[in-house]
Amino acid sequence: MSMTLPPKTCSVERLVTVKEDIQKVLSGNKSAQRRNGRYADPGEIMELDGRSYEVYNIYRQSLGDLTDAEAQAEGFENVEAYKQYILSMHKGMSWMPEMKVWVHEFRPVP
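Keep in mind that what you see is a predicted model, and the values were worked out from it rather than measured. (Residues numbered from 1 in each chain as written. Predicted model: local features only at pLDDT ≥ 70, side-chain atom pairs only at ≥ 80, totals over all residues. Heavy atoms only, no water.)

1. Some points on the environment of E70
Keep this limit in mind: In DSSP terms, a helix is any run of H or I states spanning at least four residues, a strand is any run of E spanning at least two, and both are numbered starting from the N terminus. What makes two residues a contact is simply this: any of their non-hydrogen atoms within 4.5 Å.
When you line up the elements, E70 lands in helix α2 (residues 68–73). As for E70 and M93, which are separated by 23 residues in sequence, their C-alpha atoms are 21 Å apart. Setting aside residues up to four positions removed in sequence, E70 forms contacts with R34, Y59, Q61 and D65.

What follows is the structure, encoded as structure tokens:
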């Protein structure tokens, strides 16, 4: 399933910026990041604390379609824990299941 991606709205350096999230990536507990915009192209390399991660998959998803397994790839126990984290990061935001986000999946570069 190949689709043409729209232009990036930000840079890969801004994909994972929260200290706790960076630690989750470095410890192997986080392999995906959801954002409102597109922060990387497939094959782009993200550097975190001297380690390299390749963004290998990018796709759109509605928040309401998020599964517990996908929330775990984000570093959370389940969808509810992810939801509470997102709402705590964005004061005044309400959870909108129909809202579409960009999913960036990444893996360590050997």
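2. What to know about helix α1 (residues 19–26)
In plain terms, the rule: Type-normalised accessible area, obtained with a 1.4 Å probe on protein chains alone, sets the label of each residue: buried when under 20%, exposed when over 50%, and partly exposed for intermediate values.
Those residues of α1 lying buried are D21, I22, K24, V25 and L26. Buried residues in α1 make contact with β1 (32–35), β2 (45–48), β3 (51–62), α3 (79–89) and β4 (100–108). Two residues or fewer past α1, G28 is found with a positive phi of approximately 85°.

3. Some words on the pattern of salt bridges
Think of it this way: side chains of opposite charge can pair up when their charged atoms draw near. What counts is decided by this rule: Counted as salt bridges are all cases of a side-chain nitrogen of Lys or Arg within 4 Å of a carboxyl oxygen of Asp or Glu.
Evaluation of the coordinates by the stated rule reveals five salt bridges. With a closest N to O distance of 3.0 Å, E44 and K8 form a salt bridge. Here K8 lies in the segment before α1 and E44 lies in the loop between β1 and β2, a separation of 36 residues in the sequence. For K8, a relative accessible area of 31% translates into the label partly exposed. For D41, the salt bridge is made with R38, and the minimal N-O distance between the two is 2.8 Å. A cluster of three or more residues bridged by salt bridges with shared partners is formed by K30, R34 and E74.

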